[in-house]
Amino acid sequence: MAGRLKGRRALITGGDSGIGQAVAQAFAREGADVAIVYLNDDRGAQHTRELVAAEERHCTLVKADVGVESEVSRIYQEAIGALGGLDVLVSNAAVEQRGAWEEFPLADWNRIVQTNLTGAFLVIREALRGGHLKSGGRIVITGSIQGLEGSASDPAYSATKGALHAMTRSLAKYLVDRRILVNAVAPGPVDTPMLRSQTPKLLEGSAKYPLGVASPEQIAPAYVFLASDDSSYMTGEVLALTGGKITA
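Just so it is clear, the model here is predicted, and its values are computed rather than measured.

Explain the packing of aromatic side chains to me, using residue names and the numbers behind them.
Per the stated rule, a full pass over the model turns up one aromatic pair. Summarising the aromatic geometry, the rings of W101 and W109 are spaced 6.5 Å apart at their centres and angled 50 degrees between planes, so their arrangement reads as tilted. Under the relative-accessibility criterion, W101 is labelled exposed at 54%. In this structure W109 comes out as partly exposed when scored by relative accessible area, which is 30%.

Describe the layout of surface pockets, with residues and values.
Considering only enclosed or pocket space, the largest pocket measures out at about 1200 Å³ in volume. Around the largest pocket sit 48 residues that line it, and E96, Y157, T192, M194 and L195 are the ones nearest its centre. Counting residues per element, the lining of the largest pocket draws most heavily on helix α7 (residues 193–198), at four residues. For the lining of the largest pocket, the class distribution of residues is 20 nonpolar, 19 polar and nine charged. The space that makes up the second largest pocket amounts to roughly 160 Å³. Partitioning the lining of the second largest pocket into residue classes produces nine nonpolar, five polar and no charged.

Explain empty space enclosed by the protein to me, and be specific about the residues and the numbers.
Under the criterion given, the structure shown has one cavity of 30 Å³ or more. By volume, the largest cavity amounts to about 30 Å³. Every residue along the wall of the largest cavity is listed here: T13, V66, S91, A93, T115, N116, G119, A120 and V123. Looking at the lining of the largest cavity, the element that brings in the most residues is helix α4 (residues 106–129), giving five residues. Its residues assigned to classes, the lining of the largest cavity comprises four nonpolar, five polar and no charged.

Any details on unusual backbone geometry? Residues and values, ideally.
With a phi close to 65 degrees, E56 is a non-glycine residue in the positive phi region. Mapped onto the secondary structure, E56 falls in the loop between α2 (42–54) and β3 (59–63). Note on E56: relative accessible area 70%, which makes it exposed.

Please give an account of the sheet that holds strand β2 (residues 33–38) that cites residues and values.
For sheets, the rule is that strands pair by backbone hydrogen bonds, running either parallel or antiparallel. Read across the open sheet, the seven strands follow the order β3-β2-β1-β4-β5-β6-β7; overall the sheet is parallel. Either end of the sheet is taken by a strand with one partner, and the two such strands are β3 and β7 (238–241). Averaged over neighbouring strand pairs, the angle between their axes works out to 15 degrees when direction is ignored. Examined bridge by bridge, strand β6 (residues 181–187) and β7 share four bridges and lie parallel to one another. Each bridged residue has a counterpart across the sheet, and for A186 the counterpart in β7 is A240. This element, α2, spans β2 and β3 of the sheet and lies at about 165 degrees to β3.

Can you break down the packing of helix α3 (residues 69–83) against α4 residue by residue, with the values?
At a minimum axis distance of 10 Å, the contact between α3 and α4 shows a crossing angle of 50 degrees. Taken together, the axis directions place α3 and α4 in an arrangement best described as oblique. Judged by the sense of rotation from one axis to the other, the crossing of α3 with α4 is right-handed. Residue-level inspection shows E69, V72, S73 and Y76 of α3 in contact with α4, the latter providing L122, V123, R125, E126, A127 and R129. Residues of the contact of α3 with α4, tallied by class, amount to five nonpolar, one polar and four charged.

Can you lay out the pattern of salt bridges for me, pointing to particular residues and giving the numbers?
Opposite charge on two side chains lets them pair, provided their charged atoms get close. Following the criterion strictly, the structure yields 13 salt bridges and no others. Across the pair D229 and R8 runs a salt bridge, and its minimum N-O distance is 2.8 Å. Highlighted residues: D229 in the loop between α8 (216–227) and β7 and R8 in the segment before β1 (9–13), separated in sequence by 221 residues. Put simply, R4, E30 and D230 are held in one network by salt bridges that share partners.

About the criteria used
Each chain carries its own residue numbering, running from 1 in the direction its sequence is written. Owing to the predicted nature of the model, reporting of local features is limited to residues with pLDDT of at least 70; listing and counting of side-chain atom pairs is limited to 80 or more, with chain, interface and lining totals taken over all residues. Values reported for side chains reflect all heavy atoms of the structure, with hydrogen atoms and water molecules removed beforehand. Each pair of aromatic rings taken from Phe, Tyr and Trp, with Trp reduced to its six-membered ring, is defined by centres within 6.5 Å and is described as stacked if the planes are under 30 degrees apart, edge-to-face if over 60, and tilted in the remaining cases. Whether a residue is buried, partly exposed or exposed follows from its accessible area with a 1.4 Å probe, protein chains only, as a fraction of its type maximum: under 20%, in between, or over 50%, in that order. For cavity detection a 1 Å grid was placed over the protein atoms alone, and a set of points counts as a cavity when a 1.4 Å probe fits there but cannot get out; an open set counts as a pocket when protein lies on both sides within 12 Å along at least five of seven lines, with lining residues being those that have an atom within 4 Å of a point. Grid points are joined across faces, edges and corners, and a volume is the space filled by probe spheres set on the points. The helix and strand labels rest on DSSP assignments: H or I over at least four residues marks a helix, E over at least two residues marks a strand, and numbering proceeds from the N terminus. Amino acids are sorted into nonpolar (Ala, Val, Leu, Ile, Met, Phe, Trp, Tyr, Cys and Pro), charged (Asp, Glu, Lys and Arg) and polar (every other residue, Gly among them). For two strands to pair, DSSP has to find at least two bridges joining them. The axes are straight lines fitted to the C-alpha atoms, using for helices just the contacting stretch, and the angles between their N-to-C directions are given from 0 to 180°. Every residue pair with non-hydrogen atoms within 4.5 Å of one another is taken to be in contact. Any angle that is under 35 degrees is reported as roughly parallel, and any over 145 degrees as roughly antiparallel; angles of 65 to 115 degrees are reported as roughly perpendicular and all others as oblique. Whether a crossing is left-handed or right-handed is set by the direction in which the near helix is turned from the far one by less than a right angle, anticlockwise for left-handed and clockwise for right-handed. Here, a salt bridge means any side-chain nitrogen of Lys or Arg that lies within 4 Å of a carboxyl oxygen of Asp or Glu.

Quick look at the structure:
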């Protein structure tokens, strides 16, 4: 690898599986130390640590709920204490539940909004309140193709991802004078535990996505790009990786 993140320190939420795990490994390959936040998958978190260690970089595990304000404060206490600072924040934690609008439970709506949207807000706010990100820092937010064009059977997830795209642009304008760059990645279908539990039929192929379902490792390089100096003239962008599906 090119050492594009050599000496940098990254905090990645939702780092115990899927895209977050692949990003942690890719960052380590490029020379970064990482801290990952996860909710309850101890085995997955340990595997992420092993992947990072194989690249001879350090990985700190923080078990916490990003949707709870007091836990977000603890995340930074533990992560910054271990990393010694912060250069890159990847807000990636998310949950999904499909269903019809008329029957969609309010409890599920609130749970998804609390994790996907409020969790991103709390993690980003704490990074700014604590002064952890300095000039040259990066924030990368995980959006989704569903946030670009919606989904008929995924009301809460689509809504939160669309809101995260808007948050990306709003936050980029707010932080541009501090030279903290904010961008998002909006993947199409990716072979993650979430996809396998919610939309496994996509793994069989779909005409909507000519390149099929992506592996997390195919998505991770976009995060490396946005976290590195290669993206020094980009902020407020939503980078769509959609397997050949053209979005508006």
